[in-house]
Amino acid sequence: MSYTLADVSLTSRFFLGTATYPSPKVLNDAIIASEAQVVTVGLKRQLSPHQNTLTKSTTDGVENTFFQMLKESGARLLPNTAGCKTAREAITLAHMAREIFDTHWIKLEVIGDDYTLQPDPTELLVATRELIKEGFEVFPYCTDDLVTCQRLLDAGCRILMPWGAPIGSGQGLVNPFALRVLRARLPEAFLVVDAGIGSPKDAVMAMQLGFDAVLLNSAVAQSHNPVKMATAFKLAIQSGRLAYEAGIMDQQDMAVPSTQVTGRPFLL
């Protein structure tokens, strides 16, 4: 079933990252298997230091085989500012990404701690306000803190990307209560669980909580068979969404018989 993300009609709720795959071919095959319609790309981590001033006109730097392959995949590119530690650095990189990829979408990451890769809420909010004023559709990577998320929405965001756990940790959803609160308190926001997903069961849980999509990278790229794992996550995300839409039964403290008993015997 189709839905709208930032004024674009999509069907897949699986957003896939493109880093650390064994080879470009494996990445390409994983994108195809996932049926993802949005793929992220970390511009800062793809460029060497001397390339940080390159523009769209460059033919031997940014416009290389890797980026061309992503464009040819048919998926919509969501550049990210991974590796940035200040609002100014992230804003500069976002402008580069808009010029290079011809998109106003940006996954905004401003990291405040090197150990947990936790976002800096202050710098994130500063960058968000500036980029939205400049016409960007900002997809902010944030924690599951309700107040921070509300301030990002107040700044003009339509999409939020709270973490499930620290990036690349594979811990799954470490605080499902906080994620459940976000869904309940921010019913109009498009919520994407981003970071920390370890296995398809984590994706099922996120979707059953009512989240609109799941973004992951390491759980596919670092699996023993990324193509099969991409397929597994695709099915998990579809399953979790269907379960949410169908309505999951309430849990009970005691047993409730599935076969009702009338108290009268019957003959076969």
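Residues numbered from 1 in each chain as written. Predicted model: local features only at pLDDT ≥ 70, side-chain atom pairs only at ≥ 80, totals over all residues. Heavy atoms only, no water.

A. The arrangement of the nonpolar core in detail. In terms of nonpolar packing, the biggest core is built from 64 residues, with Leu-16, Leu-216 and Val-220 touching the most fellow members. The element contributing the most residues to this core is helix α4 (residues 87-101), with nine residues. Ranked by size, the runner-up nonpolar core spans 15 residues in total, among them Leu-5, Leu-10, Phe-15 and Val-192. (Core = buried A, V, L, I, M, F, W, Y, C linked by side-chain atoms within 4.5 Å. Buried < 20%, exposed > 50% of the residue type's maximum accessible area, 1.4 Å probe, protein only. Helix = DSSP H or I, 4+ residues; strand = E, 2+ residues; numbered from the N terminus.)

B. Main features of the packing of aromatic side chains. Taken as a whole and judged by the stated rule, the model has five aromatic pairs. Here the aromatic rings of Tyr-3 and Phe-190 are separated by 5.6 Å at their centres, their planes lie at 20 degrees, and the arrangement is stacked. Here Phe-190 lies in strand β9 (residues 190-194) and Tyr-3 lies in strand β1 (residues 3-5), a separation of 187 residues in the sequence. Tyr-3 gets classed as buried once you look at its relative accessible area, which sits at 8%. (Phe/Tyr/Trp six-rings, centres within 6.5 Å; stacked < 30°, edge-to-face > 60°.)

C. Highlighting the pattern of salt bridges. For the structure on display, the rule yields eleven salt bridges. For Asp-7, the salt bridge is made with Arg-158, and the minimal N-O distance between the two is 3.0 Å. Placement of the pair is Asp-7 in the loop between β1 and β2 (8-10) and Arg-158 in the loop between α6 (146-154) and β8 (159-162), with a sequence separation of 151 residues. With a relative accessible area of 38%, Arg-158 lands in the partly exposed category. Between Glu-35 and Lys-234 there is a salt bridge whose closest N-O contact spans 3.4 Å. In this pair, Glu-35 sits in the loop between α1 (24-34) and β4 (38-42) while Lys-234 sits in helix α10 (residues 226-246), placing the two residues 199 residues apart along the sequence. Residue Glu-35 is classed as partly exposed on the basis of its relative accessible area, which comes to 46%. Residue classification places Lys-234 among the buried residues on the basis of a relative accessible area of 14%. Salt bridges here are not isolated pairs; linked through shared partners, they connect Asp-7, Glu-137 and Arg-158. (Salt bridge = Lys/Arg side-chain N within 4 Å of Asp/Glu carboxyl O.)

D. Highlighting the pairing of strand β3 (residues 14-17). Across the two faces of β3 the burial is the same, with Phe-14 and Leu-16 and Phe-15 and Gly-17 all buried. Where β3 meets strand β10 (residues 213-216), three bridges bridge the pair, whose relative direction is parallel. Bridge pairing in β10 links Phe-15 to Leu-215. Bridging between β3 and β4 involves three bridges; their strand directions are parallel. Residue pairing in the sheet places Phe-15 in a bridge with Val-38 of β4. In this fold, β3 hands off to α1, which returns the chain to β4; that crossover is right-handed. (Pairing = 2+ DSSP bridges. Right-handed = clockwise from strand over helix to strand, strands pointing away.)

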